[in-house]
Amino acid sequence: MEILNYTEEHRIFRSTFRKFVEREITPHADEWETAGIVPKSVWELMGEQGFLCMDLPEEYGGLGADFLYSVIVCEELVKTNFTGLAANLHSDIVVPYISAYASEAVKHKYLPLCISGDMITAVAMTEPNTGSDLSSIRTTAVEDGDDLIINGQKTFISNGINCGLVVLAVKDPAVESPYQAIDLVLVEAGTPGFEKGKKIDKIGWRSQDTAELFFTDCRIPKANRLGRKGGGFTMLMEKLQPERLICALMAVTAAENVLEMTIRYTKERTAFGKPISKFQNTQFKLVEMATEAKLGRAFIDKLIADHMEGKSLIVEVSMAKYWTTEMAMRVADGCLQLFGGYGYCEEYPIARAWRDMRVMSIFAGTNEIMKGIAAKFMGL
Ligand SMILES: Cc1cc2nc3c(=O)[nH]c(=O)nc-3n(C[C@H](O)[C@H](O)[C@H](O)COP(=O)(O)OP(=O)(O)OC[C@H]3O[C@@H](n4cnc5c(N)ncnc54)[C@H](O)[C@@H]3O)c2cc1C
């Protein structure tokens with residue numbers, strides 16, 4: 001059942017990107033997991049080959065490519081069973097805030113660097129005391145002539161150590177309504193008053209440089225404010241659709257990937273004189289999990305097609321984000337069980353997949369928040 005219209009160009013691109021991944025990423029993944037970070041040089045290589053921000057127009061150095069190219073990059077990276085290189089976060093989630101809402105001068109300053117991989121981006125909303133409830137953020141931006149002065153702290157920021165540019169959610173303390181008070185501003189690494197804190201020691205996504213960020217009397221030009229003053233909340237709501245789609249796509253692809261490795265293993269491993277794939281329990285479990293993955297695939301591909309047609313999918317992407325990530329966690333857990341004791345060993349890729357999938361119900365908006373959004377839009 002083909003829902004997405006991949007052309008010959010898309011297929012050629014997939015093969016080219018897969019070769020790049022096999023050459024430049026997979027052989028180093030273990031080393032980066034231990035180091036807790038992906039070297040910036042890999043981002044530059046991605047940029048050199050034209051694999052970053054492919055949708056951006058040619059005037060900034062992009063390719064004007066459609067969303068299926070982002071889908072391909074996402075799927076091929078997930079198939080490596082390695083989560084450190086958050087290229088889709090950069091290309092499809094953070095940079096679109098700049099391309100959609102920055103002034104032309106700011107776009108010309110930053111977008112070519114985002115495309116080349118010289119400037120890695122991060123989006124910083126979460127703070128130590130608030131994640132789901134964005135209206136409660138405490139990081140402030142106070143106007144001072146042509147500048148804004150920022151004070152506050154962010155945590156759990158993906159690409160936090162490597163980032164050269166942050167899309168930062170701030171609040172104007174003079175505005176009473178939290179929904180009118182939030183702005184998104186761009187802060188460059190190296191700006192006095194902007195310090196990167198420690199890399200967070202996580203149970204999964206170990207090569208992702210998730211970090212704390214600190215802002216102390218950090219002065220940036222007002223021109224770095226995205227969109228209209230007080231429009232932060234609206235911009236975030238508008239751009240969350242691709243974030244949730246990408247997250248759901250990662251979940252479905254990861255489920256397919258662990259199923260593939262588990263089917264292979266169950267055909268090779270023997271017990272009681274036969275491959276464990278011959279036990280009825282193994283077969284039923286694998287069929288049940290494969291059915292769930294296929295349901296997820298049909299759902300996500302349909303949503304990608306609708307997204308590419310410009311449809312607003314608030315309820316559907318919220319449902320997809322919660323359901324596919326829970327499905328992927330169920331599948332990873334069921335697959336690990338079929339590996340027996342080896343599933344619990346770092347030497348076997350299922351162990352990392354199981355650890356890495358756990359966070360998917362938490363980031364990009366928790367699954368409880370997703371259900372809350374869907375319930376609200378369903379008039380409940
Ligand atoms: C690996 C990783 C990467 C991340 N990357 C980023 C990033 O790049 N940028 C960024 O800004 N943030 C990032 N985050 C933060 C992430 O988005 C937050 O952790 C998430 O939004 C939840 O916020 P919280 O941790 O403060 O939990 P809380 O908001 O405190 O929630 C705790 C629990 O309460 C539940 N809850 C909260 N409110 C409600 C409600 N109204 N109804 C029902 N249940 C509710 C939640 O669902 C959750 O189960 C990342 C987190 C991780 C772990």
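Please refer to the structure higher up on the page.
Quantities reported herein were computed from a predicted structural model and do not represent experimental measurements.

**Some remarks on unusual backbone geometry**
Item 1. One non-glycine residue with positive phi stands out, namely Cys53, at about 50°.
Item 2. Its place among the elements puts Cys53 in the loop between α3 (40–48) and α4 (67–78).
Item 3. Its identity is not glycine, yet Asn81 carries a phi of approximately 65°, on the positive side.
Item 4. Topologically, Asn81 is positioned in the loop between α4 and α5 (87–101).

**So, the pattern of salt bridges**
Item 1. Using the criterion set out here, one finds 29 salt bridges in the structure.
Item 2. The partner of Lys107 in a salt bridge is Glu104, with the nearest N and O atoms 3.3 Å apart. Here Lys107 and its partner Glu104 are both found in helix α6 (residues 104–116), three residues apart, which amounts to about one turn of the helix.
Item 3. For Glu104, a relative accessible area of 40% translates into the label partly exposed.
Item 4. Here Lys311 and Asp306 are joined by a salt bridge, their closest N and O atoms 3.4 Å apart.
Item 5. Its relative accessible area of 9% is what places Asp306 among the buried residues.
Item 6. When salt bridges that share partners are traced, they join Arg14, Arg18, Glu75, Glu76, Lys79, Glu256, Arg297 and Asp301 into one network.

**With respect to the environment of Ile37**
Item 1. Structurally, Ile37 is set in the loop between α2 (29–35) and α3.
Item 2. Judged by relative accessible area, Ile37 falls into the partly exposed class, the value being 21%.
Item 3. Residues Ile37 and Arg206 lie 169 residues apart in sequence; the distance between their C-alpha atoms is 7.7 Å.
Item 4. Filtering out sequence-adjacent residues up to four positions away, Ile37 remains in contact with Trp32, Ile161, Asn162, Ser207 and Asp209.

**Quick notes on the packing of aromatic side chains**
Item 1. With the rule as written, the count across this model stands at 14 aromatic pairs.
Item 2. A ring pair is formed by Trp32 and Phe82, whose centres lie 5.6 Å apart and whose planes are at 45°; its orientation type is tilted. Residue Trp32 is found in helix α2, and its partner Phe82 is found in the loop between α4 and α5; the two are separated by 50 residues along the sequence.
Item 3. Relative accessible area serves as the criterion here: at 4%, Trp32 is assigned to the buried category.
Item 4. Look at Phe82 and you get buried, because its relative accessible area is 6%.
Item 5. Between Phe339 and Tyr348 the ring centres are 6.2 Å apart and the planes differ by 70°, which places this aromatic pair in the edge-to-face class.

**Focus on the packing of helix α10 (residues 314–338) against helix α12 (residues 367–377)**
Item 1. Two elements in contact, α10 and α12, have axes separated by 8 Å at closest approach and are oriented at 150°. What the angle tells us is that α10 and α12 run roughly antiparallel. Considering the relative orientation of α10 and α12, their crossing is left-handed. On the side of α10, the interface is formed by Ile314, Val315, Ser318, Met319, Lys321, Tyr322, Thr325 and Glu326, while α12 contributes Asn367, Met370, Lys371, Ile373, Ala374 and Phe377.
Item 2. Of the residues assigned to the contact of α10 with α12, the class counts are eight nonpolar, three polar and three charged.

**Quick look at the site of the ligand**
Item 1. Neighbouring residues of the ligand: 17 residues in total, closest Thr126, Ser132, Phe156, Thr366 and Glu368.
Item 2. Side-chain polar atom of Thr126 to a nitrogen atom of the ligand: 2.7 Å apart, as the coordinates give it.
Item 3. One of the backbone N or O atoms of Gly131 is found 3.1 Å from an oxygen atom in the ligand.
Item 4. Out of a free accessible area of 980 Å², the ligand has 63% covered by protein chains.
Item 5. Every element with two or more residues in the shell around the ligand is listed here: β1 (121–124), β3 (147–157) and α12.

Reading the values: the criteria
- Residues numbered from 1 in each chain as written.
- Predicted model: local features only at pLDDT ≥ 70, side-chain atom pairs only at ≥ 80, totals over all residues.
- Heavy atoms only, no water.
- Helix = DSSP H or I, 4+ residues; strand = E, 2+ residues; numbered from the N terminus.
- Salt bridge = Lys/Arg side-chain N within 4 Å of Asp/Glu carboxyl O.
- Buried < 20%, exposed > 50% of the residue type's maximum accessible area, 1.4 Å probe, protein only.
- Contact = heavy atoms within 4.5 Å.
- Phe/Tyr/Trp six-rings, centres within 6.5 Å; stacked < 30°, edge-to-face > 60°.
- Axes fitted to C-alpha atoms, helices over the stretch in contact; angles between N-to-C directions.
- Parallel < 35°, antiparallel > 145°, perpendicular 65-115°, else oblique.
- Left-handed = near helix turned anticlockwise from the far one by under 90°.
- Nonpolar A, V, L, I, M, F, W, Y, C, P; charged D, E, K, R; others polar.
- Near = heavy atom within 4 Å.
- Polar contact = N/O pair within 3.5 Å; in protein donor to acceptor, adjacent residues only side chain to side chain.
- Areas by Shrake-Rupley, 256 points an atom, 1.4 Å probe, with all protein chains shown as cover.

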